[in-house]
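# Notes for the structure review
Now for the letters of each chain:
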Protein chains: 2
Amino acid sequence: MGNENRVFGKYLISKGLKLTKPRKIILDTVFATHKHFNVDELYDLIRKKHKDVSRATIYRTIPLLVDSGLIKQSLRCLAKDHYEHTYGHDRHLHLICEKCGKIIEVESRETENILNELAKKHNFNIREFNVGAKGICKKCRNK
Amino acid sequence: MGNENRVFGKYLISKGLKLTKPRKIILDTVFATHKHFNVDELYDLIRKKHKDVSRATIYRTIPLLVDSGLIKQSLRCLAKDHYEHTYGHDRHLHLICEKCGKIIEVESRETENILNELAKKHNFNIREFNVGAKGICKKCRNK
DNA sequence: ATAGTCTTTGAGACTCATTCTCAATTATTA
DNA sequence: TAATAATTGAGAATGAGTCTCAAAGACTAT
Ligand SMILES: [Mn+2]
Ligand SMILES: [Mn+2]
Ligand SMILES: [Zn+2]
Ligand SMILES: [Zn+2]
């Protein structure tokens, strides 16, 4: 899969920006896995291969990835923003265990349909859903 | 309405804590309105009447109010946590306008039912729902 | 009342994720 | 190659939230 590259490239051009080496490295690393990530985790991953990408550039590139529709800020955990892919992934909701931090991802079509209807009633245009719940997972309950 | 007092009082006793003057002022101010609030807004409200409640005590009291079930952290906006009443308020979801910051509150029973079912399938115990969407409100779209 | 024992408080120092600044570097165009 | 604009890394700055600590308050037992 290499379509993220094209999407991001087009986005950058449309904004008069350039697909530089650091931005490419960040993009590739972000899409090398399919897990949720925060800036520190991403920084550590990148640093394994490339000693020349700074935190500042990561912080600057993430909003570009978000704005281009490739990722979204999906959670806040331990005072850190966490991100996940939107490009190439079905939308889903999160069940977050408050004991162990486990995240269960679940299809969300039904809730989205309902939200869409509610939004229509209020003349509201939804751009992004945010659905989930916090609680206790099976493993943590049984002990 | 003064039942928040009783609820909070019972909670504090059950934890071996005391309903002190600053805690009482914070409680009363929190329940003097029904809007979402952040710490700075709450601090300013309190300071109009009482010059002797510190930010530290507000930050220390909010987790107690949350834990006692009176309020919850419901939004994060402009890098600040925002809270709202849970006690005496029906659960609802938020449609947040990304242009003007307007928050539309909507009944949420249907989405909760669906979430409950999904949670059951995954053996997950929901403690708190978090449902909403971001987008553009009617007023902001028409201009 | 008084002393002893906790809890709580305000003030301000501190932490740490995120943002900003700026001089040096890079990409692109002329 | 020179000019121009975008981008970068390093580290300083910001600011919400947390922590420390000595002083103040609440409560209990004398
Ligand atoms: Mn996810
Ligand atoms: Mn609300
Ligand atoms: Zn768990
Ligand atoms: Zn609006």
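## Side note on the packing of helix 2 (residues 21-30) of chain B against helix 3 (residues 39-49) of chain B
All names here are of chain B. Two elements in contact, helix 2 and helix 3, have axes separated by 10 Å at closest approach and are oriented at 110 degrees. The pairing of helix 2 with helix 3 is recorded here as roughly perpendicular in orientation. Residues Ile25, Ile26, Thr29 and Val30 of helix 2 lie in contact with helix 3, whose contacting residues are Leu42, Leu45 and Ile46. Partitioning the contact of helix 2 with helix 3 into residue classes produces 6 nonpolar, 1 polar and no charged.

## Some words on the domain arrangement of chain A
All names here are of chain A. Per the domain assignment, the segments of chain A are domain 1 (3-85) and domain 2 (92-141). The distance between the C-alpha centroids of domain 1 and domain 2 comes to 24 Å. Taken together, the contacts link 6 residues of domain 1 with 7 residues of domain 2. Where domain 1 abuts domain 2, roughly 500 Å² becomes buried across the two surfaces, and 52% of that area is made up of carbon and sulfur atoms. When the area that domain 1 buries against domain 2 is broken down by residue, the three leading residues are His36, Lys72 and Leu75, summing to 67%. At the boundary of domain 1 and domain 2, one finds 0 salt bridges. For the interface between domain 1 and domain 2, the tally reads 4 residue pairs in polar contact (both at pLDDT 80 or more). When its residues are assigned to classes, the side of domain 1 that touches domain 2 shows 1 nonpolar, 3 polar and 2 charged.

## Notes on the packing of helix 2 (residues 21-30) of chain A against helix 4 (residues 55-67) of chain A
All names here are of chain A. Direction vectors running N to C along helix 2 and helix 4 enclose 65 degrees, while the axes themselves pass 10 Å from each other. The orientation of helix 2 relative to helix 4 falls into the category roughly perpendicular. Once helix 2 is placed against helix 4, the crossing between them reads as right-handed. In contact with Pro22, Arg23, Ile26, Leu27 and Val30 of helix 2, helix 4 contributes Thr57, Ile58, Thr61, Leu64 and Leu65. Classifying every residue of the contact of helix 2 with helix 4 gives 7 nonpolar, 2 polar and 1 charged.

## Considerations on the side chain of histidine 82 of chain A
Residue and element names in this part refer to chain A. Turning to its location among the elements, histidine 82 is positioned in strand 2 (residues 80-85). The exposure class of histidine 82 is buried, given its relative accessible area of 12%. Setting aside residues no more than four positions away along its own chain, histidine 82 makes contact with Phe37, Asn38, Lys72, Gln73, Ser74, Leu75 and Cys77.

## A closer look at the protein's contact with DNA strand D
Close to DNA strand D lie 18 residues, the nearest being Lys18, Thr20, Arg23, Asp52 and Thr57 of chain A. Backbone sugar and phosphate groups make up 72% of those atoms of DNA strand D lying within 4 Å of the protein. The contact in question runs from a phosphate oxygen of DNA strand D to an N or O atom on the backbone of lysine 18 of chain A, over 2.7 Å. Residue tyrosine 59 of chain B places a side-chain N or O atom 3.1 Å away from a phosphate oxygen belonging to DNA strand D.

## Looking at helix 4 (residues 55-67) of chain B
All names here are of chain B. For helix 4, which comprises 13 residues, the first-to-last C-alpha distance of 19 Å matches the rise-based estimate of 18 Å (1.5 Å per residue) to within 8%. If you check which residues of helix 4 are buried, you get Thr57, Ile58, Thr61, Ile62, Leu64 and Leu65. Against helix 1 (3-14), helix 2, helix 3, strand 1 (71-77) and strand 2 (80-85) lie the buried residues of helix 4. Directly beyond the C-terminal end of helix 4, a positive phi value near 85 degrees is found at glycine 69.

## Observations regarding the coordination of the manganese ion (ligand 1)
The manganese ion (ligand 1) binds to the protein through His36 of chain A (NE2), Glu84 of chain A (OE), His92 of chain A (NE2), His94 of chain A (NE2) and Glu105 of chain A (OE); the donor distances cover 2.0 to 2.2 Å. When the donor residues of the manganese ion (ligand 1) are listed from N- to C-terminus, their spacing reads H-x47-E-x7-H-x1-H-x10-E.

## Brief notes about the relation of the copies chain B and chain A
Mapping chain B onto chain A leaves a residual RMSD of 0.2 Å; the transformation is a rotation of 179 degrees accompanied by 0.0 Å of translation along its axis. Here the copies are linked by what is in effect a two-fold axis. Across chain B, the rotation axis passes nearest the C-alpha of valine 131 of chain B, at a separation of 2.2 Å. Interface overlap between copies is the fraction of interface residues in one copy that are interface residues in the other; for chain B against chain A it reaches 100%, indicating a shared surface.

Thresholds applied
Residues numbered from 1 in each chain as written. Chains lettered and ligands numbered in written order. Predicted model: local features only at pLDDT ≥ 70, side-chain atom pairs only at ≥ 80, totals over all residues. Heavy atoms only, no water. Axes fitted to C-alpha atoms, helices over the stretch in contact; angles between N-to-C directions. Helix = DSSP H or I, 4+ residues; strand = E, 2+ residues; numbered from the N terminus. Parallel < 35°, antiparallel > 145°, perpendicular 65-115°, else oblique. Contact = heavy atoms within 4.5 Å. Nonpolar A, V, L, I, M, F, W, Y, C, P; charged D, E, K, R; others polar. Domains from an automatic or database assignment. Buried area = accessible area lost by both parts, 1.4 Å probe. Salt bridge = Lys/Arg side-chain N within 4 Å of Asp/Glu carboxyl O. Polar contact = N/O pair within 3.5 Å; in protein donor to acceptor, adjacent residues only side chain to side chain. Left-handed = near helix turned anticlockwise from the far one by under 90°. Buried < 20%, exposed > 50% of the residue type's maximum accessible area, 1.4 Å probe, protein only. Near = heavy atom within 4 Å. Expected span 1.5 Å × (residues − 1). Donors = N, O, S within 2.8 Å, 3.2 Å for Na, K, Ca; no water. Least-squares fit on C-alpha atoms with pLDDT ≥ 70 in both.

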